[in-house]
Structures are given as C-alpha cells and as structure tokens.
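Coordinates in review
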Amino acid sequence: MPLENDRLTVVVARRIRAGKEDEYERTMRDFVSWSLSQPGHEGLHVLRPGPGERDYTVVARFRDEASRRAFTAAPEYARWMQRLGELTEGDARIQELTGLEGFVSLPGRALRRPPAWKLAVATFLGVFPTALVLGRVLAPHLELLPLLVSSVLFNAAMVALLTWVVMPLVTRVLNGWLFPQVRAANPEGPES
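Our subject in this report is the structure included herewith. Predicted model only: the values in this text are computed from it and were never measured. (Residues numbered from 1 in each chain as written. Predicted model: local features only at pLDDT ≥ 70, side-chain atom pairs only at ≥ 80, totals over all residues. Heavy atoms only, no water.)

Another point: the overall build of the protein. A count of helices and strands for the protein gives eight helices and four strands. The linear arrangement of helices and strands in the protein, starting from the amino end, is β-α-β-β-α-α-β-α-α-α-α-α. Expressed as a percentage of contacts within the protein between residues at least 6 apart in sequence, the contacts between residues at least 24 apart total 73%. (Helix = DSSP H or I, 4+ residues; strand = E, 2+ residues; numbered from the N terminus. Contact = heavy atoms within 4.5 Å.)

All right, on to empty space enclosed by the protein then. Summary: where empty space remains is shown by rolling a probe the size of a single water molecule over the atoms. Taken as a whole and assessed by the stated rule, the structure comprises one cavity of 30 Å³ or more. Taken as a whole, the largest cavity encloses approximately 170 Å³ of empty space. The wall of the largest cavity is formed by 18 residues, among which Val-12, Phe-31, Val-58, Tyr-77 and Met-81 lie closest to the centre. For the lining of the largest cavity, the secondary-structure elements that each account for two or more residues are strand 1 (8-16), helix 1 (21-36), strand 2 (41-47), strand 3 (55-62), helix 2 (65-73) and helix 3 (75-85). Considering each element in turn, the lining of the largest cavity owes the most residues, four residues, to helix 1. Its residues placed into classes, the lining of the largest cavity shows 14 nonpolar, two polar and two charged. (1 Å grid on protein atoms, 1.4 Å probe; cavity = no way out; pocket = protein on both sides within 12 Å on 5 of 7 lines; lining within 4 Å. Points joined across faces, edges and corners; volume = space filled by probe spheres on them. Nonpolar A, V, L, I, M, F, W, Y, C, P; charged D, E, K, R; others polar.)

Now the structure itself:
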C-alpha cells in the first residue's frame, strides 16, 4: 500500500475557447468517466470558472507517480488531450504536486510552493493538536488491544483527520501567510 507521501496530485488549468464551453463540458464529462476507470486514478474534481470567465481547473489524484505515468502513456490519453486541446486557448498548464503541496496549492492560480519552513509550521499546527486530542480521546480505548493493532488504528485515525479535516482547515486559515503574494493576484486569472 502506498504511503500518503507517494500520492500525486495533478492540477491542470485550461482556458476554453470562447463559445466552446458547452462542448468542453460534454467532452470533459466523458474524459472524467474514462479517467476514473484507469488503475491508480483515485479521484478527479473539475472546478468551473466564475461568470464571464473561461478558465477551468482539474484536480486529479493518483496512487503514485507510476500510476500517473501509466495513465499519461495510454494511447487513449493522447486522444483525449488532442480533443480537449482543440477546445482550449494555448497549452494546458500542468503542475504535479506531492505530499503537503497538494493541500496548500491554490487551484486556478499560478501554483507556488511556500517555503519549506512554512510548510513545516503548518504541518506542526495540524499534527500537534490532532495527536494531543487523539491521545486523550482514542488512546484509552486502544490500551487493551495488541500494540500493532492499536498503533494501526491510532495512525489511521490521525491520517484520516489530517487529510480530510485538519490540514484543509489549517491551510485555509493560514492561506494569507502561506501565500502572501496572492493578495495582489492578477484579476484576469491564471497566466495563459
């Protein structure tokens, strides 16, 4: 089983040609169906543009880098990219992110990685209180179980809370600190 750090998040931003939005939506629905049937593909989200905008962002998760490479090496993938490319202005902007980068990168904007020390602080601010609370709440119930079983259950709860609750909240709260340059964001959206 791959570690959470092995997982790969891929963010793809595209500006759709004016008047091609409906065709792009239909093509993207079919692409999503195909993508989710591929081994190692763990989910895909399409972020639609706001009113009057044409920038779509797709966030996909892969089990690991090998799964992503196999996905992009498939002949069907090349055909999908050609079809989507015909509906797009310029080239797609693709960013591959691992580990905590996937939590703190902002979809739909030029992707930047905060300094490592800021990621370390954000991680500490998520892990410390989560471990403290789980230690108080969950650990007493696990004491009678064998060490390996209790460790697996404790760490599974820790990873689940960090992944789906704590780190998204921490990065949302610390967004201005992690990405101070975003406050002066380009009003036209991501670069083409």
